[in-house]
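# Report on the structure
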Amino acid sequence: MKAPNRRKHAMSTILTELEERRESARGGGGERRVAAQHKRGKLTARERIELLVDDGSFEEFDMFVAHRCTDFGMASNQISGDGVVTGWGTINGRQVYVFSQDFTVFGGSLSETHAAKISKIMDMAVKNGAPIVGINDSGGARIQEGVASLAGYAEVFQRNVLASGVVPQISVIMGPCAGGAVYSPAMTDFIFMVRDTSYMFVTGPDVVKTVTNEVISAEELGGSKTHTARSSVADGAFENDVETLIEIRRFFDFLPLNSQMKPPTLPTYDSPDRLEWSLDSLVPDNPNQPYDMKELIYKLADEGDVFELKEEFARNIVTAFIRLEGTTVGVVANQPMVLAGCLDIDSARKAARFVRFCNAFEIPILTLVDVPGFLPGTSQEYGGIIIHGSKLLFAYAEATVPKVTVITRKAYGGAYVVMASKHLRGDFNYAWPSAQIAVMGAKGAVEILYRSELHNPETIAAKTKEYEDRFASPFAAAEKGFIDDVIMPHSTRKRVCRAFASLKHKSLSGPPKKHNNIPL
Ligand code: HXC
């Protein structure tokens, strides 16, 4: 008779203890530090996860994990969870693995056990084929642990590499991220930052001052503006924690769960047959007048829903996700508003990385072309445009996903070839009637071909007209089958949707190899 009572008593004590332990872990570094976090306009690690995943979907792992360090008084300084909250949940019903560093616990610094928690969920994500979202808010390596913490970073780095191309990895920088710690986000697929409260650098302002004498703030050295507009380390930045996490949810909906799965198809009310008459006048009569290529992207996309990446960097090319008939498509588009849409080092690097992500994760690619060529100049040549430009060429040529290209206006020279041309296994290559496909512009061509006649403006004008008549149209290319059809601008959405629909079961693979050797 007594035994069950005793068990009952013991059970209730255990339950109470469990709840107390959970409560203590949920409290992180304590009220004072949580208040300090809030005062900076930052949410706590758990609040962030709550906003990121669907209500009630989060399952936490390793809430009771504690560090094993005994140096520097750490034996008596234990906080359950050890500075990172890990687990899985869903975003609009689709599985995601998450880690969120807790700055209120030892400054979110990474210990051996903190790293083991992150590694565990990364392994789970790869095994189960679901993306990883890492929320970074950390003072870097746990200083009291020394090399053990460096080893922890290495474990995470190794997993970033193994997971690359298997599941999408997204890094969200929501606080400090310094030293070698920046290399884990750098090896993930996308990095998003929060304006004014996050920064990333390999060496901070103090070290910079000591070594180079430069005086610079953390914000200027590695804040969101620096990384979105200048270094191109970050893919985007948002106003505050809440907006950032809402946008990550929106972004997540564009991505497949893993490289073996197709991107999700969302219900849409936007008919694939929608005609956009305004596109017939998008390209100005004057071939040197710019127009906004983004207008075309917005008008093609289902419900005008566009998620642009690296918006502030290399604005002469646009990279974005849209949906057509509910399914994700990656868009790469020359932007005539900036540098006349020329390809240069930055734009080639930006677009190449995007094309490779799309190809790795089976996302079809739509390329919108208005490119007068590669940007000339010593800064480009000295900077290695040959290698960097070839990255985009390489990326397009290796891509086996469905590729649909629309030339709206200029497609000149090497840049014509690079921008998903027929010759790089483009599946559908369309041109608008306003397209001009040639080795170079008429003026430049005639100045080379008729150099000895340069003193004779009448001959030059006549030859320029002859060159224009021959090449300032899509038909010379269409006659050769390099352009599959010349389409009306207003019917572009319909034609592109039909093209992608016809490519749903496309299957293409190259010769077996260990991996290629893309020019880096
Ligand atoms: C242990 C740390 C810590 C760290 C911060 N804390 N960084 N504890 N290891 N790396 C603790 C602080 O002691 C403090 O504890 C709490 O976190 C908050 O820190 P504060 O300094 O009070 O906050 P703040 O003023 O906001 O400054 C944040 C900070 C600063 C800029 C991140 O703490 C800082 O510079 N930390 C050191 C950064 C660093 O040098 N890390 C090592 C980088 S090398 P209490 O108890 O007071 O709340 C590295 C190598 C990785 O990371 C290599 C991988 C290959």
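Look up: the structure comes first, before these words.
Since the model is a prediction, treat every value here as computed from it, not as a measurement. (Residues numbered from 1 in each chain as written. Predicted model: local features only at pLDDT ≥ 70, side-chain atom pairs only at ≥ 80, totals over all residues. Heavy atoms only, no water.)

Along the chain, alanine 36 falls in helix H2 (residues 31-39). With relative accessibility at 40%, the residue alanine 36 sits in the partly exposed group. (Helix = DSSP H or I, 4+ residues; strand = E, 2+ residues; numbered from the N terminus. Buried < 20%, exposed > 50% of the residue type's maximum accessible area, 1.4 Å probe, protein only.)

Between helix H4 (residues 112-128) and helix H5 (residues 147-163), the shortest axis-to-axis distance is 8 Å and the interhelical angle comes to 10°. Our classification of the angle between H4 and H5 gives roughly parallel. The handedness of the crossing between H4 and H5 is left-handed. On the side of H4, the interface is formed by Glu112, Ala115, Ile118, Ser119, Met122, Asp123 and Val126, while H5 contributes Ala148, Ser149, Gly152, Tyr153, Glu155, Val156, Arg159, Asn160 and Ala163. A breakdown of the residues in the contact of H4 with H5 according to their chemical character gives 8 nonpolar, 4 polar and 4 charged. (Axes fitted to C-alpha atoms, helices over the stretch in contact; angles between N-to-C directions. Parallel < 35°, antiparallel > 145°, perpendicular 65-115°, else oblique. Left-handed = near helix turned anticlockwise from the far one by under 90°. Contact = heavy atoms within 4.5 Å. Nonpolar A, V, L, I, M, F, W, Y, C, P; charged D, E, K, R; others polar.)

What follows is about the pattern of salt bridges. Summed over all chains, the structure comprises 35 salt bridges. As a salt-bridge pair, arginine 68 and glutamate 112 come within 4.0 Å of each other at their nearest N and O atoms. Placement of arginine 68 in the loop between strand E1 (59-61) and strand E2 (84-91) and of glutamate 112 in helix H4 is noted, with a sequence separation of 44 residues between them. The exposure class assigned to arginine 68 is exposed, which follows from its relative accessible area of 60%. The partner of aspartate 123 in a salt bridge is arginine 159, with the nearest N and O atoms 2.9 Å apart. Here the residue aspartate 123 occupies a position in helix H4, and arginine 159 occupies one in helix H5, the gap between them amounting to 36 residues. Since its relative accessible area comes to 31%, aspartate 123 is described here as partly exposed. Overlapping salt bridges, with partners in common, bring together Asp270, Arg274, Glu276, Asp302 and Arg493 in one network. (Salt bridge = Lys/Arg side-chain N within 4 Å of Asp/Glu carboxyl O.)

On to the site of the ligand, then. Contacts to the ligand come from 20 residues, most closely from Arg33, Arg40, Gly107, Gly139 and Ala141. At 2.6 Å, a side-chain N or O of arginine 33 approaches an oxygen atom of the ligand. Residue alanine 141 places a main-chain N or O atom 2.8 Å away from a nitrogen atom belonging to the ligand. Coverage of the ligand by the protein chains reaches 55% of its 1000 Å² of free accessible surface. At the level of secondary structure, the elements contributing two or more residues to the shell around the ligand comprise H5 and strand E6 (176-178). With 3 residues, the single largest contributor to the shell around the ligand is H5. Looking at the shell around the ligand residue by residue, the class counts come to 11 nonpolar, 6 polar and 3 charged. (Near = heavy atom within 4 Å. Polar contact = N/O pair within 3.5 Å; in protein donor to acceptor, adjacent residues only side chain to side chain. Areas by Shrake-Rupley, 256 points an atom, 1.4 Å probe, with all protein chains shown as cover.)

Further remarks concern the packing of helix H16 (residues 442-449) against helix H17 (residues 457-471). One can describe the packing of H16 onto H17 by two numbers: an axis separation of 9 Å at closest approach and a directional angle of 125°. It follows that H16 is oblique to H17 by the angle criterion. For the crossing formed where H16 meets H17, the hand is right-handed. Of the residues in H17, those in contact with Ala442, Lys443, Ala445 and Val446 of H16 are Ile460, Lys463, Thr464, Tyr467 and Glu468. Of the residues belonging to the contact of H16 with H17, the class tally is 5 nonpolar, 1 polar and 3 charged.

One finds Phe321 and Leu392 to be the most contacted residues of the largest nonpolar core, which totals 60 residues. Looking at this core element by element, the count peaks at 7 residues for helix H12 (residues 345-360). The residues touching leucine 392, leaving out its near neighbours within four places in the chain, are Leu343, Ala348, Ala351, Ala352, Val355, Val418 and Met419. If you look at the next biggest cluster of nonpolar residues, it comprises 29 residues, including Val283, Val306, Cys497 and Ala499. (Core = buried A, V, L, I, M, F, W, Y, C linked by side-chain atoms within 4.5 Å.)

Right, let's get into the pairing of strand E12 (residues 327-334). By the criterion of burial, E12 is predominantly enclosed, with 8 of the 8 residues buried. Here E12 shows no split at all, with Thr327, Val329, Val331 and Ala333 on one side and Thr328, Gly330, Val332 and Asn334 on the other all buried. For strand E11 (residues 317-324) and E12, the ladder comprises 8 bridges, and the chain directions are antiparallel. From the neighbouring strand, valine 318 faces E12, where its bridge partner is alanine 333. Between the antiparallel neighbours E11 and E12 lie 2 residues, among them glutamate 325 with a positive phi of about 50°. (Pairing = 2+ DSSP bridges.)

With that settled, consider unusual backbone geometry. The phi dihedral of lysine 310 falls on the positive side, at around 50°, and the residue is not glycine. Locating lysine 310 in the fold gives a position in the loop between strand E10 (307-309) and E11. The backbone of alanine 420 sits at a positive phi, close to 50°, despite the residue not being glycine. Checked against the element boundaries, alanine 420 lands in the loop between helix H15 (413-418) and strand E15 (428-431). Exposure remark for alanine 420: the relative accessible area of 1% places this residue in the buried category.

Following the sequence through the fold, threonine 319 ends up in strand E11. For threonine 319, a relative accessible area of 2% corresponds to the buried category. Once residues within four sequence positions are removed from consideration, threonine 319 is found in contact with Phe307, Glu308, Leu309, Val331, Lys350, Ala351 and Phe354.

Nothing here speaks to function; it is all geometry.
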